[in-house]
Amino acid sequence: MTETNTPAGDAGTAAVLAVLAWRLLRLVFTPFHRRVWVYACLVLGMAERAHGAGVLGATALASPLAWWLLRTSWAPASAWYAARETEHRAGRYSRERSQAARAVLAHLNLDAEVVVASFPFGDELTVRIPHGGTRAQVLNAAPALREALGYLTLNAADDDAPGVVKLNGVTRDLLSDPLEGPAPVAADGWEAAAGSWVTVALDRNGKDVELPLFLPAAGGLRYLIAGASGSGKSSCQTQLTVAAIRSGARVWLADPKQTEMAGFRPWAERYATTPDGIVEMLEALCVEMRARQGALAGQFQSCWTLADGPVVLLVVDELSAVTMCGDKKLKERGLRALEDLAARSRSAGITLILTTQQPTTDVIPSVIRSNLDIRIGHRVMTATVSDVIIPGSARDGLGAPHDIPGSYDRSGRLTCAGVFYLDGMGPRTLARAWYIPQAEVPDILTGAGVLPVVRPAQEASRDRAPSPTSSAGEPDAARPERRPRRRRTPAPGA
Ligand SMILES: Nc1ncnc2c1ncn2[C@@H]1O[C@H](COP(=O)(O)OP(=O)(O)O)[C@@H](O)[C@H]1O
Ligand SMILES: [Mg+2]
């Protein structure tokens, strides 16, 4: 390079300097900061050659140091830097994985493009089928890819697009690792729209498992959640209830253990803990259901829509509190109400979540069971019980709740807490649920800006503690049945 002192030469040097300075600035703000020093020296050298521009060079040299000082001593700068660093690492991870996968495929004479996206439980590999190649060739390469990339399993996904094969590589075992971090429904950005689908779990391939609260063409849903004590039945139940409240549904809760859903109490339109309180609540919901059906019939409409009013969510935390109740008359009333709801609630826009740790035919009689659409089976002990939760599961080879392995760890928690088989929403799926401790529920709902339900003072006091002398509202355990038995009126079909 020859030295030039013409105005054009000065302009050229200035342009080169400007480009280099811009490049330097960009590099200072990326995680490639080590290379900044090289660029800085270059700039300095150029500046020395262009007379009197040494100040620029010195500034360029000092700028990385200034940025380093800024990001180590100013919190917003360090947070921004950490986010960029994470993004950069994820990019590098994906790049390295896709290069490794491409090398394995090239070794097998497949010249295929591979894009890798990472998920909490592993990666999704999107392999573009090469010209002249076939899907089968890519699938045959899966064992070699699994070995080279160190996945526990690598299986074809069922959502292939034309010309590509998607493979799910699992790096963490679903059965041994509880999910960490807040459940998606507890996150700030959760879209609380009525009729939303709620991300409650991850499946074996690390993909989201979503459950609906309401379906436009069907109405409400009827869930059965069953599993041994401590198997994590509250996981999906709590997430669906949080979602329902956030999306403006009216929530009615039966909490016989008085602890399982206590965090929801201020947001529940009705909350009952005693067997007769629960039965009365179920009967009141039957009345509500008939009123809704009457309104639909008047408009020649077959199914509730969200324009007709909010969804009502009924959660019965332990079904045996009603169906195995010692008081025969109460039990009969409860069973009748449950039968009625299981058969007809759907089209009235009522969603049911019935939970039990004793999934036997006594606790959930078949007339009720046969109407439940979605079954969530956590760990149970025997094949017979699996069959009650998911009919046929003990023998159909698609996976059954009694197959879920688990043991107690030192803290007394079941290692498989939150693992469940989902049946009734597409193919049977093994999944691990996110967990929301009950104590966090009030903060989540308050944080989401949901106001507690304002109940009449009289009703609120009846909700507080069962008292044998209370005169209004829900009856409680210590009080004998105070209403004449309600006659069941035939309701229009569901
Ligand atoms: N999805 C989950 N992930 C991790 N741990 C869980 C999960 N669900 C439950 N647990 C743990 O297991 C314990 C029992 O869960 P819980 O849902 O109350 O059981 P159940 O209602 O089936 O008796 C909880 O206190 C929690 O520590
Ligand atoms: Mg429970």
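The structure presented is a predicted model; accordingly, all values stated were derived computationally and were not measured. (Residues numbered from 1 in each chain as written. Chains lettered and ligands numbered in written order. Predicted model: local features only at pLDDT ≥ 70, side-chain atom pairs only at ≥ 80, totals over all residues. Heavy atoms only, no water.)

Focus on the nonpolar core
Argument step 1. Leu282 and Leu314 are the most contacted members of the largest nonpolar core, which has 93 residues in total.
Argument step 2. Here this core takes eight residues from helix α8 (residues 275-298), the largest share from any one element.
Argument step 3. Residues within four places of Leu282 in sequence aside, it is in contact with Leu314, Val316, Val322, Gly334, Ala337, Leu338 and Leu341. (Core = buried A, V, L, I, M, F, W, Y, C linked by side-chain atoms within 4.5 Å. Buried < 20%, exposed > 50% of the residue type's maximum accessible area, 1.4 Å probe, protein only. Helix = DSSP H or I, 4+ residues; strand = E, 2+ residues; numbered from the N terminus. Contact = heavy atoms within 4.5 Å.)

As for the UniProt feature "binding site: ATP" (unreviewed entry) in the chain
Argument step 1. Using the residue numbers shown here, the UniProt feature "binding site: ATP" (unreviewed entry) corresponds to Gly227, Ala228, Ser229, Gly230, Ser231, Gly232, Lys233 and Ser234.
Argument step 2. With respect to the helices and strands, Gly230 occurs in the loop between β9 (222-226) and α7 (234-246).
Argument step 3. Apart from the residues within four sequence positions on either side, Gly230 is in contact with Leu414 and Ala417.
Argument step 4. With respect to the helices, strands and loops of the structure, Gly232 is situated in the loop between β9 and α7.
Argument step 5. Given the relative accessible area of 13%, Gly232 is considered buried.
Argument step 6. Ignoring any residue separated from it by four or fewer positions in sequence, one finds Gly232 in contact with His378 and Gly418. (UniProt positions renumbered as here; feature names shortened; annotations may be inferred.)

Thoughts on the site of ligand 1
Argument step 1. Near ligand 1, the surroundings consist of 16 residues, among which Gly230, Lys233, Ser234, Ser235 and Ala433 are the closest.
Argument step 2. Take Gly230: an N or O atom from its main chain is 2.7 Å from an oxygen atom of ligand 1.
Argument step 3. Here Ser235 contributes a side-chain N or O atom positioned 3.0 Å from a nitrogen atom of ligand 1.
Argument step 4. Within the complex, 81% of the 550 Å² of free accessible area of ligand 1 lies under protein.
Argument step 5. Across the shell around ligand 1, the residue classes tally to six nonpolar, seven polar and three charged. (Near = heavy atom within 4 Å. Polar contact = N/O pair within 3.5 Å; in protein donor to acceptor, adjacent residues only side chain to side chain. Areas by Shrake-Rupley, 256 points an atom, 1.4 Å probe, with all protein chains shown as cover. Nonpolar A, V, L, I, M, F, W, Y, C, P; charged D, E, K, R; others polar.)

Topic: the pattern of salt bridges
Argument step 1. This structure, assessed with the given rule, holds 13 salt bridges.
Argument step 2. Note that Arg333 and Glu283 form a salt bridge whose closest N and O atoms lie 2.8 Å from each other. Residue Arg333 is located in helix α10 (residues 328-344), and its partner Glu283 is located in helix α8; the two are separated by 50 residues in the primary sequence. When sorted by exposure, Arg333 lands in the same class as Glu283, which is buried.
Argument step 3. Taking the shortest distance from any N to any O, the salt bridge between Asp423 and Arg428 comes out at 2.8 Å. Summarising the burial analysis for this pair, Asp423 and Arg428 share the class buried.
Argument step 4. A single network of salt bridges, built from pairs that share partners, joins Arg250, Glu269, Glu288 and Arg292. (Salt bridge = Lys/Arg side-chain N within 4 Å of Asp/Glu carboxyl O.)

Side note on the packing of α8 against α10
Argument step 1. Where α8 meets α10, the closest approach of the two axes is 9 Å, and the angle between their N-to-C directions is 35°. With respect to the hand of their crossing, α8 and α10 are arranged in left-handed fashion. Two secondary-structure elements touch here, α8 through Pro275, Asp276, Val279, Glu280, Leu282, Glu283, Leu285, Cys286, Met289, Arg290 and Gln293 and α10 through Leu330, Arg333, Gly334, Ala337, Leu338, Asp340, Leu341 and Arg344.
Argument step 2. Taken together, the residues that form the contact of α8 with α10 break down as ten nonpolar, two polar and seven charged. (Axes fitted to C-alpha atoms, helices over the stretch in contact; angles between N-to-C directions. Left-handed = near helix turned anticlockwise from the far one by under 90°.)

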